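# Structure assessment
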Amino acid sequence: GNSWSSGTGLNLTFSVVLCPEFLPAARQFYVSKVVALAVSDTLARWGIGARIKWPNDIYIGDRKTAGILIENDLCGGYMARSVVGVGLNVNQTRFDASLPNPVSMALAAGRSFDRAEVFETFYRCLSERYGALAEERDRSIDDDYLARLYRLGERHAFVDGRTGARFVGTIRDVLPAGDLVVGTGSGIRRYLFKEIEYVIGTQPDGRNFPEGM
């Protein structure tokens, strides 16, 4: 049910197949972490600062430049295969008005890019991050992921996807299984994918709109 809007010949939309058979099923969120880090590493090679909006959207400021969808297959207690779909806005400068907050590398940097060079850079960055995962260098992956986590430690509005209630909270951590930990005035809450929405930006009438996770 997800889609990526892309102008013809302007961006990168592709899938990568990984076979992390060394990875226990309980650690499958690390695939999401290393792919998100690889995309942000790629942008950093051109001096574009990016943040990871949990679990794996890539943001420049408060605008989305890349989305990642991952389908995992398990075999027993281990991973068998991961199909990683990536949509990265590279050279597009005009977007459908219905999209809430898109941005591209070109808009961020003020110039266009060679898409083949961007993809090759991503491939190298992913190889490096995936190698760290295979070598069980979890600490470096965890530290880098948290260091780039969008809105970590900041107070912002959210919508609880389970109840529809709006609340103010602070992102505190991401657990090994991928749960987002949010602190509120009443305690700590944990959320899984699709269970929480950020409130980002405003609609034309001035009301805040939530963006689904």
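Residues numbered from 1 in each chain as written. Predicted model: local features only at pLDDT ≥ 70, side-chain atom pairs only at ≥ 80, totals over all residues. Heavy atoms only, no water.

## Examining unusual backbone geometry
Defined as follows: Only runs of H or I of at least four residues qualify as helices and only runs of E of at least two qualify as strands under DSSP, and these elements are numbered from the N terminus.
Residue Pro55 follows Trp54 across a cis peptide bond; omega there is 0 degrees. With respect to the element layout, Pro55 can be found in the loop between strand 2 (51-53) and strand 3 (57-60). Residue Glu136 is not a glycine yet carries a positive backbone phi of 60 degrees. Tracing the backbone shows Glu136 in the loop between helix 3 (115-134) and helix 4 (138-147). Positive phi is not limited to glycine here, since Arg151 has a value of about 65 degrees. One can find Arg151 in the loop between helix 4 and strand 6 (155-160).

## Here's the deal with the side chain of Asp41
The line we're drawing: With a 1.4 Å probe rolled over the protein chains alone, any residue whose accessible area is under 20% of its type maximum counts as buried; one over 50% counts as exposed, and the rest are partly exposed. N or O atoms closer than or at 3.5 Å make up a polar contact, with two conditions inside protein: a donor-capable atom paired with an acceptor-capable one, and, for residues adjacent in sequence, both atoms drawn from side chains. By the convention used here, residues are in contact when the closest approach between their heavy atoms is within 4.5 Å.
Inspection of the secondary structure assignment puts Asp41 in helix 1 (residues 29-44). Taking the relative accessible area as the measure of exposure, Asp41 reaches 10% and is therefore buried. Side-chain polar atoms of Asp41 contact the side chain of Arg129, separated by 2.8 Å. Beyond its immediate sequence surroundings of up to four residues, Asp41 is in contact with Cys125, Arg129 and Arg148.

## Some thoughts on the nonpolar core
The criterion, for reference: The nonpolar core is taken to be a set of buried Ala, Val, Leu, Ile, Met, Phe, Trp, Tyr and Cys residues, with the residues joined through side-chain atoms within 4.5 Å.
One finds Trp54 and Leu88 to be the most contacted residues of the largest nonpolar core, which totals 53 residues. Per element, the largest residue contribution to this core is 10 residues, and it comes from helix 1.

## A look at helix 4
Short version of the rule: When we speak of the arc, we mean the arc of directions from the helix axis to the C-beta atoms.
Every buried residue of helix 4 is listed here: Asp138, Ile141 and Tyr145. Projected down its long axis, helix 4 carries its buried residues within an arc of 65 degrees, all on one side. Turned more than 90 degrees away from the buried face of helix 4, the exposed residues are Arg139 and Ala147. The inward-facing, buried residues of helix 4 contact helix 1, strand 2, helix 3 and strand 7 (166-174).

## Thoughts on the pattern of salt bridges
Which entries qualify depends on this criterion: One side-chain nitrogen of Lys or Arg within 4 Å of one carboxyl oxygen of Asp or Glu is enough to make a salt bridge.
In total, this model carries 15 salt bridges according to the counting rule given. Asp57 is paired through a salt bridge with Lys53; the nearest N and O atoms lie 3.9 Å apart. Residue Asp57 is classed as buried on the basis of its relative accessible area, which comes to 10%. Notably, a salt bridge pairs Glu195 with Arg162, separated by 3.4 Å at the nearest N-O pair. Highlighted residues: Glu195 in the loop between strand 9 (187-191) and strand 10 (196-202) and Arg162 in the loop between strand 6 and strand 7, separated in sequence by 33 residues. Judged by its relative accessible area of 22%, Glu195 is partly exposed. Through salt bridges with shared partners, a single network forms among Asp41, Arg129, Asp144 and Arg148.

## What about the packing of aromatic side chains?
Rule in force here: Only rings of Phe, Tyr and Trp enter the pairing, Trp through its six-membered ring, and a pair is recorded when the two centres are within 6.5 Å. The plane angle decides the type: under 30 degrees is stacked, over 60 is edge-to-face, the rest tilted. Note on geometry: a ring has a charge over it if NZ (lysine) or CZ (arginine) is within 6 Å of the ring centre and within 35 degrees of the ring normal.
Throughout the structure, instances matching the rule amount to 10 aromatic pairs. Ring geometry for Phe14 against Phe119: centres 4.9 Å apart, planes inclined by 90 degrees, an arrangement best described as edge-to-face. One end of the pair, Phe14, is in strand 1 (residues 12-18); the other, Phe119, is in helix 3, with 105 residues separating them in the sequence. On the accessibility criterion, Phe14 (15% relative accessible area) is buried. Relative accessible area serves as the criterion here: at 30%, Phe119 is assigned to the partly exposed category. Members of the aromatic cluster, connected to one another through ring pairs, are Tyr59, Tyr150, Phe158, Phe167, Tyr191 and Tyr198. The ring of Tyr198 has Lys53 lying over it, and the distance from NZ or CZ to the ring centre is 4.7 Å. The ring of Phe167 carries Arg189 above its face, with NZ or CZ at 4.3 Å from the centroid.

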